[in-house]
Amino acid sequence: MKLIFAGTPEFAAAALRALIDAGHEIALVLTQPDRPAGRGMKLKPSPVKEVALAHGLRVEQPEKLRGNLEAQQMLRDVGAEVMVVAAYGLILPQDVLEIPARGCLNIHASLLPRWRGAAPIQRAILAGDAETGITIMQMDVGLDTGDMLSIHPLAIAADETAATLHDKLAACGAQAIVETLGRLDAIQPQKQPEDGVTYAQKLAKAEAEVDWTLPAEDVARAIRAYNPAPGAFTALNGEPLKLWLASAEAGSAEPGAVVSSDVDGVLVGAGQGLVRLTVLQAAGGKRLAARDFVAGKSLPAGTRLGV
């Protein structure tokens, strides 16, 4: 099938690889413009661009599509049957949605209508959902409101981080889009249910500051949900302390008070229960397992974390 592919991060790159391997004709790849990255802030291509160039595919990087008549004409000239969209980062106006003969299909990282919006992976973990998944959706002008073509559930493990769930969903999405395109003629699109709609708001750095007065389960989930970005944090002796992995345990202590610190983790009081921190990062330091962290930094019982 002749396709246009639109995507930017690694989540989308996994789908692009799968479509190439499946033998689809990728006539054009759209991705976000190169952005400054790293210590030198040099321009860095997106993961999708890197995959596309490695396979000799045509790549275009328009700043916007809405009102961009030149870019829209470029898309028409391709003559694609379908545009596949995955975490592209640009809004597709109605004029663009109508260009491919069979419309635009989106790879969305949730079981719609739950977690429409920008951060479905993190919000699912934060909410304590037992499962999430991939929905292949026929795009319309709404925010993830289009008809569903296929649904692919995926369990959320008890120790899941946004990083590990991202990788599972990227693999699931890559397989799902290939399967869906393979039986597109036989699929009857399904309207999304009106009940159960939730919105996954974009993450803000401020919300990643740990509130130790919350129940331990909520604190531990938040730490895992913000891994790798924006990264959960608290304060230790007035300096920022990043927290990367945690679990909840029974017990009680003052919120933010260290109960113990050893090779098995740093045990901290919460509003209800205890939080065991197993991967931490001090200001200016490296991400360390608890055994290495406590070997270099004293955290006696009674030490307070947070403001």
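The model shown is predicted, which means the values in this text are computed figures rather than measured ones. (Residues numbered from 1 in each chain as written. Predicted model: local features only at pLDDT ≥ 70, side-chain atom pairs only at ≥ 80, totals over all residues. Heavy atoms only, no water.)

**Brief notes about the UniProt feature "binding site: (6S)-5,6,7,8-tetrahydrofolate" (unreviewed entry) in the protein**
Here's step 1: Sites flagged by UniProt as "binding site: (6S)-5,6,7,8-tetrahydrofolate" (unreviewed entry) map to Ser110, Leu111, Leu112 and Pro113.
Here's step 2: Positionally, leucine 111 belongs in the loop between strand 7 (104-108) and strand 8 (116-117).
Here's step 3: The contact partners of leucine 111, leaving out residues within four places of it in the chain, are Glu131, Thr132, Gly133, Ile134, Thr135, Ile151, His152 and Pro153.
Here's step 4: By secondary structure assignment, the location of proline 113 is in the loop between strand 7 and strand 8. (UniProt positions renumbered as here; feature names shortened; annotations may be inferred. Helix = DSSP H or I, 4+ residues; strand = E, 2+ residues; numbered from the N terminus. Contact = heavy atoms within 4.5 Å.)

**Describing the layout of surface pockets**
Here's step 1: The space that makes up the largest pocket amounts to roughly 1200 Å³.
Here's step 2: Broken down by secondary-structure element, the contributors of at least two residues to the lining of the largest pocket are strand 7, helix 5 (120-126) and helix 6 (162-182).
Here's step 3: For the lining of the largest pocket, a count of residues per class yields 24 nonpolar, 10 polar and three charged. (1 Å grid on protein atoms, 1.4 Å probe; cavity = no way out; pocket = protein on both sides within 12 Å on 5 of 7 lines; lining within 4 Å. Points joined across faces, edges and corners; volume = space filled by probe spheres on them. Nonpolar A, V, L, I, M, F, W, Y, C, P; charged D, E, K, R; others polar.)

**Digging into the nonpolar core**
Here's step 1: Counting residues in hydrophobic clusters, the biggest one holds 45 residues, and the most contacted among them are Phe5 and Leu16.
Here's step 2: Non-local contacts of phenylalanine 5, meaning those with residues more than four positions away in its chain, are made with Ala12, Ala15, Leu16, Leu19, Ile26, Leu28, Val29, Leu30, Val48, Val84 and Ala86.
Here's step 3: The next biggest cluster of nonpolar side chains, apart from the first, holds 28 residues, and it includes Val210, Ala216, Tyr226 and Val294. (Core = buried A, V, L, I, M, F, W, Y, C linked by side-chain atoms within 4.5 Å. Buried < 20%, exposed > 50% of the residue type's maximum accessible area, 1.4 Å probe, protein only.)

**Things to note about the sheet that holds strand 6 (residues 82-86)**
Here's step 1: Spatially, seven strands are ordered 5-2-1-6-7-9-10 in an open sheet, and the strand pairing comes out mixed. Unpaired on one side and paired on the other, strand 5 (59-60) and strand 10 (148-155) mark the two borders of the sheet.
Here's step 2: As judged from the two bridges shared by strand 2 (residues 25-30) and strand 5, these two strands associate in the parallel manner. Bridging from a neighbouring strand, valine 29 pairs with valine 59 of strand 5.
Here's step 3: Across the sheet, helix 6 is in contact with strand 1 (2-7), strand 6, strand 7, strand 9 (131-138) and strand 10; its angle to strand 9 comes to roughly 35°. (Pairing = 2+ DSSP bridges. Axes fitted to C-alpha atoms, helices over the stretch in contact; angles between N-to-C directions.)

**Examining helix 3 (residues 69-78)**
Working note: α-helix, 3.6 residues per turn, so residues spaced by three or four point in the same direction.
Here's step 1: Among all positions of helix 3, only Ala71, Gln72, Met74, Leu75 and Val78 are buried. Taken around the axis of helix 3, the buried residues stretch over an arc of 155°, which confines them to a single face. For helix 3, exposure combined with an orientation more than 90 degrees from the buried face picks out Leu69, Glu70 and Asp77.
Here's step 2: Residues of helix 3 that are buried in the fold lie against strand 1, strand 2, strand 5, strand 6 and helix 4 (94-97).
Here's step 3: One or two residues past the end of helix 3 sits glycine 79, with phi positive at roughly 70°. (Arc of directions from axis to C-beta.)

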